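Residues per chain, in single letters:
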Amino acid sequence: MFLKVAWHSLLNRKYTVLLTLISVAISTFVLLGVEHIRHEAKESFSKTVSGVDLIVGARTGQLNLLLYSVFRMGNATNNISWESYRELATDPKVAWTIPISLGDSHRGYRVMGTTQNYFTHFRFGQNTSLSFAQGGPFVQLFDVVLGAEVARKLGYRLNERIVLTHGLGHTSFSKHDDKPFRVTGILRPTGTPVDQALYISLQGMEVIHLDWKDGVKIPGKQTSAHELAALDLTPQSITAFLVGLKSKIATFHVQRQVNHYQKEPLLAILPGIALTELWHMMQVMENTLRLISILVLFSSLLGSSTMLLASIRERQREITIMRAIGASPFFVFLTIQTEALLISLTGIMAAIFALVIGIFFAQPFLADNYGIFINHFAINSQMLGMLGVIVMGTLLLGLIPSLSAYRFSLHHGLGMKS
């Protein structure tokens, strides 16, 4: 009965109710959207790398080192000499290392020079190893492995020839077109920045820069295949390297050893601690976005309450008829509360539907431009708590028009009896 009366009452004022409903839906959309993106961004960053004990690079801020070495964001302040890398990599406490060399790109995607260790030891998510959807790792000098997103976006397949570009721009005229690479493998999707990079050997990274100086190709110079065979392509320097230790107990000892390295200024960081610092830096922004979302929602619910309160004067005849046919003041009170609840619940459902559609279309944009991989929207316990707060706020603010209607019906009922 309450639902039927409340529903038909709302239909009689459908245009005003529709505007109020849209306001509630938009504010709920903003609140749930901010919370979902915040949670998914944190999850996306956290699952990017696992099983790595230390990340070593040139001395800089630990956040900068984490971002450029793992998330391919930003640039290194300096490189690490190959001699220093070899000395630290052969330490008895070190189980494995993954050297990383950055600096080139292909159609906006980063190119990373590394070794076979990357495909053997790199882990993401819950200690999940990399695997190939097609082909396998690079073997020859001009082999390249593609991340899943690169292959999908650019439509590449095995054995295709691609040309790498000097620098990190989306468009560049400084191309290594004299030394094309052949696609030998495509990685399975990981939902991490691994999907958005191309992987070549360290020797391949060296060979494409043989005829270059200070970032510019030397005119008229081109190293022949015969000359390449006689060259030592051991890199002079790398950007950074990931370290796995034989024992977790040795982590802080090796970190101090690297940070006090005498031959050149180096920095070793723990990925987990660096991520924690990143979350602390983002906490102010997160709380600000939450506060704005809550205020927007509060104003929408208050607007809904105001709309219902304003309609009480127009509905005096309706309330009078309800009292005449025997409805109690409490029935009138519950009817107004039910109307407020229907508006809120309909707005919530509309917001969830819009959020599912919006996230579906936003996923590629966030992945391509920010390296943030957002899963499809799903209601978890925290979301349920927020929805519960919205419903409770609706009922509390709905008390204003409900009590007004209750008082009017009560006085009207007394007048009728007298």
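Here the structure is a predicted model, which is why all the values come from computation and not from measurement. What you see as residue numbers is a count from 1 along each chain, following the sequence as written. With the structure being a predicted model, the display of local features is reserved for residues of pLDDT at least 70 and the display and counting of side-chain atom pairs for 80 or more, all residues being used for whole-chain, interface and lining totals. Computation of side-chain values: all heavy atoms of the structure, hydrogens and water removed.

Trainee: I keep staring at helix α10 (residues 271-314) and nothing clicks. Help me out?
Mentor: Turn by turn, an α-helix covers 3.6 residues, leaving residues three or four places apart pointing in a common direction. In a regular helix each residue adds 1.5 Å, so 44 residues correspond to 64 Å; α10 covers 63 Å between its end C-alpha atoms and thus fits that length. Note that bend, as reported per residue, equals the angle between axes fitted to the 7 residues terminating at that residue and the 7 residues originating from it. Each helix corresponds to a stretch of at least 4 residues labelled H or I by DSSP, and each strand to a stretch of at least 2 residues labelled E; elements are numbered beginning at the N terminus. Of all the bends in α10, the greatest, near 40 degrees, is centred on Met-282. Helix span, as expected, comes to 1.5 Å for every residue beyond the first.

Trainee: Help me out: how do you make sense of the UniProt feature "transmembrane region" (unreviewed entry) in the protein in this one?
Mentor: Within the UniProt annotation, "transmembrane region" (unreviewed entry) is assigned to residues 15-34, 266-285, 291-312, 319-336, 342-362 and 383-406. Spanning residues 266-285, this segment combines 75% helix with 20% strand, and its end C-alpha atoms are found 31 Å apart. Span residues 342-362 is 100% helix and 0% strand, its end C-alpha atoms 30 Å apart. UniProt positions are given in the numbering used here, feature names are shortened, and annotations may be inferred rather than shown by experiment.

Trainee: Before we go on, may I ask you to explain the pattern of salt bridges in this structure?
Mentor: When their charged atoms lie close together, side chains carrying opposite charge are able to pair. Criterion for a salt bridge: a side-chain nitrogen of Lys or Arg within 4 Å of a carboxyl oxygen of Asp or Glu. Within this structure, the stated rule accounts for 7 salt bridges. Of the charged contacts, one joins Glu-35 and Arg-38 as a salt bridge, the two residues approaching to 2.6 Å between their closest N and O atoms. Taken together, the positions of Glu-35 and Arg-38, both in helix α2 (residues 14-46) and 3 residues apart, correspond to about one turn of that helix. The pair Glu-35 / Arg-38 is uniform in exposure class, with both members buried. Glu-35 serves as the salt-bridge partner of Arg-290, at 3.2 Å between the closest nitrogen and oxygen. Taken together, the residues Arg-290 in helix α10 and Glu-35 in helix α2 connect sequence positions 255 residues apart. Only protein chains enter the accessibility calculation, which uses a 1.4 Å probe; a residue is then buried when its area is under 20% of its type maximum, exposed when over 50%, and partly exposed in between. Judged by its relative accessible area of 2%, Glu-35 falls in the buried class.

Trainee: Which parts of the structure should I look at to understand the nonpolar core?
Mentor: If you look at soluble globular proteins, the nonpolar side chains tend to sit buried side by side. The biggest cluster of nonpolar side chains holds 35 residues, and the ones touching the most others in it are Tyr-118, Phe-119, Phe-122 and Tyr-199. When residues in this core are grouped by element, the largest group, 5 residues, is from helix α3 (residues 62-70). Setting aside anything within four residues of it in sequence, one finds Tyr-118 in contact with Arg-72, Ile-98, Met-112, Leu-130, Val-194 and Tyr-199. Nonpolar cores are built from buried Ala, Val, Leu, Ile, Met, Phe, Trp, Tyr and Cys residues. Side-chain atoms within 4.5 Å join them into one set. Here, residues are in contact when the closest pair of their heavy atoms is within 4.5 Å.

Trainee: What is the right way to read the packing of aromatic side chains from this model?
Mentor: We describe a pair of aromatic rings using the distance from one ring centre to the other and the angle between the two ring planes. Any two rings among Phe, Tyr and Trp, with Trp reduced to its six-membered ring, count as a pair given centres within 6.5 Å; such a pair is stacked if its planes are under 30 degrees apart, edge-to-face if over 60, and tilted if neither. In total, this model carries 12 aromatic pairs according to the counting rule given. On the basis of an interplanar angle of 80 degrees and a centroid distance of 6.3 Å, the ring pair of Phe-119 and Tyr-199 is categorised as edge-to-face. With Phe-119 in helix α5 (residues 117-121) and Tyr-199 in strand β12 (residues 197-201), the pair connects residues that are 80 residues apart, well separated along the chain. Summarising the burial analysis for this pair, Phe-119 and Tyr-199 share the class buried. Feature note: the residues Tyr-118, Phe-119, Phe-122, Phe-132, Phe-138 and Tyr-199 constitute an aromatic cluster, connected by ring pairs.

Trainee: How do you make sense of the side chain of Glu-264 when you look at a structure like this?
Mentor: Secondary-structure assignment places Glu-264 in the loop between α9 (251-259) and β17 (266-269). The charged side chain of Glu-264 is buried without a salt bridge, its nearest counter-charge being Lys-263 at 8.7 Å. Polar contacts involving the side chain of Glu-264 include one to the side chain of Ser-81, which spans 2.6 Å. Under this definition, polar contacts are N or O atom pairs within 3.5 Å; protein pairs additionally need one hydrogen-donor-capable and one acceptor-capable atom, and for neighbouring residues in sequence, both atoms have to be side-chain atoms. Within the structure, the side chain of Glu-264 is placed 2.4 Å from the side chain of Ser-84, a separation counted as a polar contact. Apart from residues lying up to four places away in sequence, Glu-264 is in contact with Asn-79, Ile-80, Ser-81 and Ser-84. Residues scored as positive are Lys and Arg, those scored as negative are Asp and Glu, and His as well as the terminal groups of each chain are ignored.

Trainee: Hey, could you run me through the packing of α3 against α10 in this one?
Mentor: The packing of two helices is summarised by the inter-axis angle and the distance between the axes. Where α3 meets α10, the closest approach of the two axes is 9 Å, and the angle between their N-to-C directions is 105 degrees. In terms of orientation, α3 lies roughly perpendicular with respect to α10. Across from Gln-62, Leu-63 and Leu-66 in α3, the residues of α10 making contact are Pro-271, Ile-273, Ala-274, Leu-275, Glu-277, Leu-278 and Met-281. Only Asp, Glu, Lys and Arg are considered charged in this grouping, and only Ala, Val, Leu, Ile, Met, Phe, Trp, Tyr, Cys and Pro are considered nonpolar; every other residue, Gly among them, is considered polar. Partitioned by chemical class, the residues of the contact of α3 with α10 number 8 nonpolar, 1 polar and 1 charged. The angle between two axes is taken between their N-to-C directions and runs from 0 to 180 degrees, where each axis is a line fitted to C-alpha atoms and a helix contributes only its stretch in contact. Oblique is the label for every angle not falling under 35 degrees (roughly parallel), over 145 degrees (roughly antiparallel), or within 65 to 115 degrees (roughly perpendicular).

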